[in-house]
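Architecture and fold: a report
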Amino acid sequence: MPINGNADPGQLTQYAPTMASLDTEALTLPNVKVLQVIYEIDDAVMAELIPPALHPTIPPTMHVIGLRADDGPLGAFTLAIVRVGCRAAVRPRGLPTRAVCTQGEAATALVERWGFPITVGEPVLRERYDRQSIEVNDGNVTVLSAQLIDPVPIGNGDLLYTAGMHIANVERDGETKPWLVQVDPEFEVSRADRGTAQIDAFDSGYWDAPDLRPVYPIVASYTTANITLPRIRYICDPLQPAITGTVAL
Amino acid sequence: MKFGIFYEISVPRPWENDIEHTVYHRCLEQVRVADEVGFHSVWAVEHHFLEEYSHCSAPELFLTACAMQTKQIRVGHGIVVCVPQFNHPIRAAERAAVLDILSDGRLEFGTGRSATWTELGGMDANPDETKETWDEYTRTIPQMWTNERYGYEGRAFRMPTRAVLPKPYQKPHPPMWVAVSSPGTEIDAAERGMGSLGLTFGGFAEQEEKVNRYRSRIQDCEPAGLFVNERVATVNFLYCHPDNETGIETGSRLTGSFGYLAAQLLPVREVHPTRSYPNPGLLAATRQQAAQNPGEGVSAPEGVCIGNPDRLVEEIKKWESCGVDQINFLLNALETIPQEQVLDSLRLFGEEVMPHFADDKPATTSESRELAATVAAGD
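All values derive from a computational prediction rather than experimental measurement.

Concerning the overall build of chain B
In terms of regular secondary structure, chain B is built from 13 helices and 11 strands. Within chain B, buried positions represent 62% of all 379 residues. Excluding contacts between residues fewer than 6 apart, the proportion of contacts in chain B whose partners are at least 24 apart in sequence is 77%. Of the accessible surface of chain B, which amounts to about 13,900 Å², a share of 48% is contributed by carbon and sulfur atoms.

Things to note about the environment of A:His63
All names here are of chain A. With respect to the secondary-structure elements, histidine 63 resides in strand E4 (residues 61-69). The exposure class of histidine 63 is buried, given its relative accessible area of 4%. Separated by 90 residues in sequence, histidine 63 and proline 153 place their C-alpha atoms 20 Å apart. Excluding anything up to four places from it in sequence, histidine 63 contacts Gln36, Val37, Ile38, Ile81, Val82, Arg83, Gly85, Arg93, Gly94 and Thr162.

Here we look at helix H1 (residues 104-114) of chain A
Residues and elements named next belong to chain A. Burial in H1 covers these residues: Ala106, Ala107, Ala109, Leu110, Val111 and Trp114. If you check the start of H1, you find a side-chain oxygen 2.6 Å away from the backbone N of glutamate 105, and it comes from glutamine 103. Downstream of H1 by a residue or two, glycine 115 has a phi angle that is positive, lying close to 75 degrees.

As for the nonpolar core
Residues B:Phe3, B:Phe39, B:Phe62, B:Ile316, B:Phe329 and B:Phe349 are the most contacted members of the largest nonpolar core, which totals 110 residues. Those residues in contact with B:Phe329 that lie beyond four places of it in its chain are B:Phe3, B:Gly4, B:Ile5, B:Phe6, B:Phe39, B:Asn236, B:Phe237, B:Leu238, B:Cys305, B:Ile316 and B:Phe349.

Some thoughts on the interface of chain B and chain A
If you look at the interface, chain B gives 29 residues, while chain A gives 29 residues. Of the roughly 2,700 Å² buried at the junction of chain B and chain A (both faces included), carbon and sulfur atoms supply 58%. It is B:Tyr260, B:Gln264 and B:Pro273 in chain B that bury the most area against chain A; as a group they hold 27% of the surface buried on that side. Between B:Glu270 and A:Arg87 there is a salt bridge, with the nearest N and O atoms lying 2.7 Å from each other. Going through the elements one at a time, helix H4 (117-122), helix H8 (244-262), helix H9 (268-271) and helix H10 (282-292) of chain B are the ones with two or more residues in the side of chain B that touches chain A. Of the residues assigned to the side of chain B that touches chain A, the class counts are 14 nonpolar, six polar and nine charged.

Some thoughts on the pattern of salt bridges
It is possible for side chains of opposite charge to pair when their charged atoms get near one another. For the coordinates displayed, the defined rule picks out 36 salt bridges over all chains. A salt bridge links A:Asp158 to B:Arg275, with the shortest nitrogen-to-oxygen separation between them at 3.4 Å. Separated into two different chains, A:Asp158 in the loop between strand E10 (141-153) and strand E11 (163-172) and B:Arg275 in the loop between H9 and H10 make up a pair that spans both. The buried category is assigned to A:Asp158, whose relative accessible area is 10%. When salt bridges that share partners are traced, they join B:Lys131, B:Asp135, B:Asp188, B:Glu191, B:Arg192 and B:Arg217 into one network.

Overview of the packing of aromatic side chains
Here the structure, examined in full by the defined rule, presents 17 aromatic pairs over all chains. Between A:Tyr206 and A:Trp207 the ring centres are 5.2 Å apart and the planes differ by 75 degrees, which places this aromatic pair in the edge-to-face class. We note that A:Tyr206, like A:Trp207, is buried. For the pair B:Tyr137 and B:Phe157, a centre-to-centre distance of 6.3 Å together with 75 degrees between the ring planes defines the contact as edge-to-face. Taken together, the positions of B:Tyr137 in helix H5 (residues 130-146) and B:Phe157 in the loop between strand E5 (150-153) and strand E6 (158-162) put the pair 20 residues apart, joining distant regions of the chain. For B:Phe157, a relative accessible area of 7% gives the class buried.

Some thoughts on the packing of helix H1 (residues 19-37) of chain B against helix H12 (residues 339-352) of chain B
All names here are of chain B. For the pair H1 and H12, the least separation of the axes is 9 Å and the interaxial angle reads 15 degrees. As summarised for this structure, H1 and H12 are arranged roughly parallel, according to the angle between their axes. As for the relative orientation of H1 and H12, their crossing is right-handed in sense. Here H1 contributes Arg26, Glu29, Gln30, Val33, Ala34 and Val37 to the contact with H12, which in turn contributes Gln339, Val342, Leu343, Leu346, Arg347 and Gly350. The residue makeup of the contact of H1 with H12, split by class, is six nonpolar, three polar and three charged.

About the cut-offs
- All residue numbers refer to positions counted from 1 along the written sequence of the respective chain.
- Each chain is given a letter, starting from A, and each ligand a number, starting from 1, according to the order in which they appear as written.
- In keeping with the predicted nature of the model, local features appear solely for residues at pLDDT of at least 70, side-chain atom pairs appear and are counted solely at 80 or more, and the whole-chain, interface and lining totals rest on all residues.
- Side-chain numbers come from the whole structure's heavy atoms, not from hydrogens or water.
- Helix and strand definitions follow DSSP, with helices as H or I runs of at least four residues and strands as E runs of at least two, each counted in order from the N terminus.
- A 1.4 Å probe rolled over the protein chains alone gives each residue an accessible area, and that area as a share of the maximum for its type sets the label: buried under 20%, exposed over 50%, partly exposed in between.
- In what follows, a contact means two residues having at least one pair of non-hydrogen atoms within 4.5 Å.
- Accessible areas in this description were obtained via Shrake-Rupley with a 1.4 Å probe; residue shielding takes into account the shown protein chains only.
- Whenever a nitrogen or oxygen atom comes within 3.5 Å of another N or O atom, the pair is scored as a polar contact, on the condition that within protein one atom can donate a hydrogen and the other can accept it, and that pairs from neighbouring residues in sequence are kept only if both atoms are in side chains.
- Joining through side-chain atoms within 4.5 Å is the link that ties buried Ala, Val, Leu, Ile, Met, Phe, Trp, Tyr and Cys residues into a set, and such a set is a nonpolar core.
- Buried area: the sum, over both parts, of the accessible surface (1.4 Å probe) that disappears when the two are put together.
- Any carboxyl oxygen of Asp or Glu within 4 Å of a side-chain nitrogen of Lys or Arg constitutes a salt bridge here.
- Ten residue types, Ala, Val, Leu, Ile, Met, Phe, Trp, Tyr, Cys and Pro, are classed as nonpolar, four, Asp, Glu, Lys and Arg, as charged, and the remainder, Gly among them, as polar.
- Side-chain rings of Phe, Tyr and Trp (the six-membered ring for Trp) are treated as a pair once their centres are within 6.5 Å; stacked means planes under 30 degrees apart, edge-to-face means over 60, and tilted covers the remaining angles.
- Lines fitted to the C-alpha atoms define the axes, with helices restricted to the stretch that makes contact. Angles between their N-to-C directions range from 0 to 180 degrees.
- Throughout, the term roughly parallel applies to angles under 35 degrees, roughly antiparallel to angles over 145, roughly perpendicular to angles from 65 to 115, and oblique to all others.
- Crossing handedness is defined as follows: a turn of the near helix away from the far one that is anticlockwise and smaller than a right angle gives a left-handed crossing, while the clockwise case is right-handed.

So this is what it looks like as C-alpha cells:
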C-alpha cells in the first residue's frame, strides 16, 4: 500500500492553534487575489512532513500560497501559507506547516475558526504585469520568496484548489489532542493566469518543515476569486489512516 | 461481445525478494490461461514512475513475451504514449511492426497521451501539447507503416524521407485505437475512424451515451489509418467465483486497492491547470470507485464484473445492450488476490460466462488480415 506519513503529530503542532469549537459558520471573502506556486520537493523527507493519517503524493509536492483580501468581513489582510501536498485516503489535500498573516483580526478568525497555523508577520503579495510574487521576511532575512513569471490567461474553470488538512489541538470528549481539521474552501474564480513557478528563497526551519526542500517547479497560478471558507464538516485522527480515522461532525 | 484482459502490472511494496519478477511471471501465466480459455486479447498499458500502481513501462516487451507464449490471443498496446519525450513516433511504428510480425499479426495498436503530472513531469513533457502530438502520431504512424518510404515535416517532429522498417504483418496495418478517459475523447476516436478504448469505470447510462455519440460520429469519419476500426471497448474488473458473495467480497478488495493506488498519483489537472486536461479522467473515476469500497463490506457497484457467473452474465448483457463490443478486465492490483484464485476466476469465466456471448472466440491472424485487406480495398 502507499507510503504513510510518519511524523509525530505532537511535533507538527508548534504553530498549531487550539480550537475551542468546531461549530464554525461559513464566511465569504470577496475578490481575493490568490497566488499559488507548486513545486516538487525532495522525496527523502516526504514521509516525515505528514502524520500517519496521510500519504505523500507521487511525486511529493509543496504549495506556496499567497492571498490578499483588500476588503471583506475580515478587513484587508495578506496571508502566506506553506503546505505539503498529500492524500487523505483517496482525497487530494494540503497540510499547512505554517502561515503568516499581516493583520490581527483576520489572523484570529482564521486561527480560531479554521485552524490555520498562523503567526502575525509582514507577508507582501506583489502584482505586476510580468509576474506576481509573495515574499515573507523575518527581520532582515527573506524566509520566503516565490513567484509566478510570465502570466498567461487561462480559463476560470481550469484550476483546481485542493482542500486543506489543518492540524489543530481540538477538545473532544473531554480530551484535548491534535486532530486534522478538513477545510475545503469554495473558489469562485473570476480571473485566472498561469505561469512559470519560481521559488527564490525558502527557509524550511522558519516554515516549521525541517528539511523540506523545493527541487523542481511545476506551475504557478494567480487568480481573483471569491473564497468561501466552509463550516467544518470532518476531522481526522492524525494517527489513523484517514479511511478509518475520519469523523463526520 | 469479446473479452480481453488488461494489465497495469501493479507491484506492492516492499520491492524486494524479486517481487517484480514474480508479478511479471504471474501475469504471463494468466495470459497463457486466458489464451487457453478463449479470451480475445491481452492489453498492456504504458506507464512510467507510477509506484505500485503500474510497473508496466515497456509494454512492447511484455506483449512480445505474451505473444511468444500463446497461440490465439491478440496483443494490445493500451496504449502507446504519443508524446515525443516518451516515444519517438518512428520508434513507436518500428516496435509495433516488429511485435505484429512476431505475434503473426495479432497486434492491436492503442494510442494515447498520459494523464498524470507524475509521468509528464517526469519526462519533461508539456501537458499543453499532448493532444497535438497525439494527433500527429495517429496521422503519421500509419503512413510510416504503409509507404515504402516516408518523410514528414511537422510540429512534433520531422524526418527526411526514409524507409521505416519493418512493415506490420497485418495489411494494411494493425487496428488502431484511442484511449478514452476524458469525456469527449470518444468523439476524437470516432472522427479519426479509430476504436474507442475506454479506460474509465462509468455506469451504463454514461457508457451508452458515449457509444451513441461514437457510432453517430464515426459514420462521417476521416480515418487516420487506411481503414476504419469501429469498435468500442470498455474496461472492468474481473473476479468470478462460484459463490456470489465470496466473488463480490474478493473482487471488492481488488477494486478498492486499484482505486486507492490510482488516487495517490498526481493527475495533470490537480497541479498544472490546462485546457488540454479538462478532467482528471481515469483517476477521478477510480477514486470514486475506491471511495465506495474500502470498509463498506460486500457490495458490487453497477456494472462491475465481480461475483458468480450468473451475476457476471447479467452485468455483461447490460454492457452489451449499451453497444459495447468488448470488455477488457483488470485481474489484480497489489497482488490482492492470490494467483491461484485469479487463474480459477479466469477458467470459471471461460467455462460459464463466455458461452453466453456470441462471437467470443478470438479472430485468427488470417481473419484479421483478410478483414483489413477487404476494408482497405473499399469493400
